Amino acid sequence: MDFEPMQAASLAIQLHFYTVVPAFVLGTVQMALPKGTPLHRWNGYVYMALMMITATAAIFIPSFMESGRVFGHFGFIHLFVPLTYVSVPLALYNARKGNIRAHRGAMIGLYIGGILIAGGLAFMPGRIMHDMFFG
């Protein structure tokens, strides 16, 4: 693994990377934790904060595919930003109201879309993650 591409990246890309990696770990751990415990809640708050920072940083990262850009530097991958901005408050609201099914759905949707799908796309050739892991 070569961290040089990340060190040479913009501040927005670095912030995005250094918040999404712990969010991935916490999100994965959350799946195994007993639900409703203080640890689950604490990890959930940290996870949500990290995801909001990650999404905000993503706004400042231009799409690497110029042909797929819409509205300036935004690409289709930027659709995960509003997904995060909607899912996090919705999950928090539903948890506080006791609607655990809706809370779980919002959090699983955020994990699958914002972490697994968007994260998988980050490993496409030409992207920094691809360069870091595959040279």
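All of the points below concern the structure found in this document. (Residues numbered from 1 in each chain as written. Predicted model: local features only at pLDDT ≥ 70, side-chain atom pairs only at ≥ 80, totals over all residues. Heavy atoms only, no water.)

1. Comments concerning the overall build of the chain
Secondary structure summary: the chain contains six helices and zero strands in total. In the chain, the succession of helices and strands from N to C terminus is α-α-α-α-α-α. Radius of gyration (C-alpha) of the chain: 16 Å, near the 14 Å computed for a compact globule of 135 residues. By its C-alpha atoms, the chain is 45 × 35 × 20 Å across when sized along the principal axes. Looking at the chain as a whole, 35% of its 135 residues qualify as buried. In the chain, the share of contacts with a sequence separation of at least 24, taken over all contacts with a separation of at least 6, comes to 57%. Summed over all atoms, the accessible surface of the chain reaches about 8,100 Å², with 71% contributed by carbon and sulfur. Positive and negative charge centroids in the chain, built from 8 and 4 side chains respectively, lie 33 Å apart. (Helix = DSSP H or I, 4+ residues; strand = E, 2+ residues; numbered from the N terminus. Rg over C-alpha atoms; globule rule 2.2 N^0.38 Å. Buried < 20%, exposed > 50% of the residue type's maximum accessible area, 1.4 Å probe, protein only. Contact = heavy atoms within 4.5 Å. Areas by Shrake-Rupley, 256 points an atom, 1.4 Å probe, with all protein chains shown as cover. Lys, Arg positive; Asp, Glu negative; His and termini not counted. Charge placed at Lys NZ, Arg CZ, Asp CG, Glu CD.)

2. Some words on the packing of helix 3 (residues 38-59) against helix 4 (residues 80-97)
At a minimum axis distance of 9 Å, the contact between helix 3 and helix 4 shows a crossing angle of 160°. The orientation of helix 3 relative to helix 4 falls into the category roughly antiparallel. Here helix 3 and helix 4 pass one another in a crossing that is left-handed. Of the residues in helix 4, those touching helix 3 at Tyr45, Met48, Met51, Met52, Ala55, Thr56, Ala58 and Ile59 are Val81, Thr84, Tyr85, Val88, Ala91, Leu92 and Arg96. (Axes fitted to C-alpha atoms, helices over the stretch in contact; angles between N-to-C directions. Parallel < 35°, antiparallel > 145°, perpendicular 65-115°, else oblique. Left-handed = near helix turned anticlockwise from the far one by under 90°.)

3. Points about the packing of helix 3 against helix 5 (residues 100-121)
Relative orientation of the contacting elements helix 3 and helix 5 amounts to 45°, with a least axis distance of 13 Å. With respect to helix 5, the axis of helix 3 lies oblique. Pair helix 3 / helix 5 crosses with left-handed handedness. For the pair helix 3 and helix 5, contact is made by His40, Tyr47, Met48 and Met51 and by His103, Met107, Leu110, Tyr111, Gly114 and Ile115, respectively. A breakdown of the residues in the contact of helix 3 with helix 5 according to their chemical character gives seven nonpolar, three polar and no charged. (Nonpolar A, V, L, I, M, F, W, Y, C, P; charged D, E, K, R; others polar.)

Remember that the coordinates give geometry; whether it matters functionally is a separate question.
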